[in-house]
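Residues per chain are reported as follows:
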Amino acid sequence: MPFATDDPNMLDDWLVAGPAPMLHGTSSGAPCRVQLLGERPAAWAAPDGTPQARLGTQPLAIRERYGYLWICPSGHPARPLFEFPEYEEPGRRIVDCGGIGVAASGLRVIENFLDMAHFPFVHPDYLGKVPHTEVAGYKVEVDPATGEIRATDCRFWQPKASAAHDSGSEVVYTYRVMQPFSAMLYKSSSKPGALDAIGLFLQPLDEERVVAHTLLAYFDEVSSDAELIAFQHTIFGQDKPILESHRPQLLPLEGRLETPTRADMLSVTYRRWLRERGQQYGALAADRTAALAATGSAA
């Protein structure tokens, strides 16, 4: 029973498959079902607590890290799972904000996460506010050692950058894209000289549906867990209907259908990075992109 894709970007990488507590919440040895790439693999904990998984009779590579289960569908990961050193840094609060379902390609969800230009219009009085609409220039590069995208020196004026902020300020961002469906945001922290970290890890249910898992690694001695989670849910709740209204739901990787602007430099880099990897899953095929562009059917 193979997975519903032959894209090595998905089959040969570590994909988040749900929160780790779901595995340990079952009765001893009883499997739970996770949804991934159009299938429902079984996962369970061995007597020694080691995670196990299979699809039909096929064993799957599975591991537990950062509070989540990660599955490599082929069983032969092309690379190690990305590093997240802030997760284990003393003094940081680790808060799992839960999973939110989104009826859109995971590639669109990541691209939206990377976009600063929409802050004043979609997240007014939180992440932006008119007339502070300009996206200042920033630096984007692909790290030759890790293959990850990094955007640095991103600056934006925000009325309320997090649950702990009660006044407006210029916030400094650093973005990091580790996998097609996983990204990190590092932003100004209440601790001088430090950056708070937000991880967005997408569980691909199928090509047009994901569960978005958000994990915080914060220096925040003021806000409660409930307040931190509520803030993230407010922001995501504002993004979700817009993401789900996109047509096509899959992300075009060619420029003929959706025209970028200067503020979209990170998006342009992300799409080019996906093309160079040969990304198929969650992406609109080139022939469909051309056909929609010819008829002007883009939303």
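Treat the numbers as computed from the prediction; the structure is a model and nothing was measured.

Student: What is the right way to look at the overall build of the chain in this model?
Tutor: A tally of regular secondary structure across the chain gives 7 helices and 16 strands. Burial analysis of the chain (299 residues in total) assigns 49% to the buried set. Expressed as a percentage of contacts within the chain between residues at least 6 apart in sequence, the contacts between residues at least 24 apart total 62%. For the chain, the accessible area works out to roughly 13300 Å², and carbon and sulfur atoms hold 53% of it.

Student: What is the right way to read the sheet that holds strand β1 (residues 15–19) from this model?
Tutor: Taken together, the 3 strands give an open sheet; going across it, the order is β1-β7-β6, and neighbouring strands pair in antiparallel fashion. Both outer strands of the open sheet, β1 and β6 (61–65), are each paired with one neighbouring strand and no more. Shown here is a sheet whose adjacent strand axes are inclined to one another by a mean of 30°, direction ignored. Here 4 bridges tie β1 to strand β7 (residues 68–72), and the two strands are oriented antiparallel to one another. Note that in β7 the partner of Pro19 across the bridge is Tyr68.

Student: Explanation requested: the sheet that holds strand β3 (residues 42–45) in the structure shown.
Tutor: As a general point, the strands of a sheet are linked pairwise by backbone hydrogen bonds and lie either parallel or antiparallel. Spatial ordering of the open sheet is given by β2-β3-β4-β5, a layout of 4 strands whose pairing is antiparallel. Whereas interior strands pair on both sides, the edge strands pair on one side only; in this sheet they are β2 (32–33) and β5 (58–59). Of the pairings in the sheet, the one linking β2 to β3 comprises 2 bridges and is antiparallel in character. By the bridge assignment, Arg33 is partnered in β3 with Ala42.

Student: Is there a simple way to explain the packing of aromatic side chains in this structure?
Tutor: Summed over all chains, the structure comprises 12 aromatic pairs. An angle of 75° between the planes, with centres 5.7 Å apart, marks the rings of Tyr173 and Tyr175 as edge-to-face. Of the two residues examined, Tyr173 and Tyr175, each falls in the buried class. In textbook terms, an aromatic cluster arises when at least three aromatic residues are bridged by ring pairs, as seen for Tyr66, Tyr68, Trp70, Phe82, Phe84, Tyr87 and Phe201.

Student: I keep staring at the nonpolar core and nothing clicks. Help me out?
Tutor: The tendency in soluble globular proteins is for nonpolar side chains to be buried side by side. Counting residues in each nonpolar core, the largest one holds 64 residues, and the members touching the most others are Leu114, Met116, Tyr173, Tyr175 and Tyr270. By residue number, the principal contributor to this core is helix α5 (residues 225–245), which donates 5 residues. Beyond its immediate chain neighbours, meaning those up to four positions away, Met116 contacts Val135, Tyr138, Cys154, Phe156, Tyr173 and Tyr175. Leu81, Phe84, Met178 and Leu215 belong to the second largest nonpolar core, which has 17 residues in total.

Student: Even after reading the chapter, I still don't get unusual backbone geometry, so can you show me in this structure?
Tutor: Glycine aside, residues mostly have negative phi angles, and peptide bonds mostly take the trans form. Here Arg247 and Pro248 are connected by a cis peptide whose omega angle stands at 0°. Position of Pro248 relative to the elements: it lies in the loop between α5 and β15 (251–252).

Thresholds applied
- Residues numbered from 1 in each chain as written.
- Predicted model: local features only at pLDDT ≥ 70, side-chain atom pairs only at ≥ 80, totals over all residues.
- Heavy atoms only, no water.
- Helix = DSSP H or I, 4+ residues; strand = E, 2+ residues; numbered from the N terminus.
- Buried < 20%, exposed > 50% of the residue type's maximum accessible area, 1.4 Å probe, protein only.
- Contact = heavy atoms within 4.5 Å.
- Areas by Shrake-Rupley, 256 points an atom, 1.4 Å probe, with all protein chains shown as cover.
- Pairing = 2+ DSSP bridges.
- Axes fitted to C-alpha atoms, helices over the stretch in contact; angles between N-to-C directions.
- Phe/Tyr/Trp six-rings, centres within 6.5 Å; stacked < 30°, edge-to-face > 60°.
- Core = buried A, V, L, I, M, F, W, Y, C linked by side-chain atoms within 4.5 Å.

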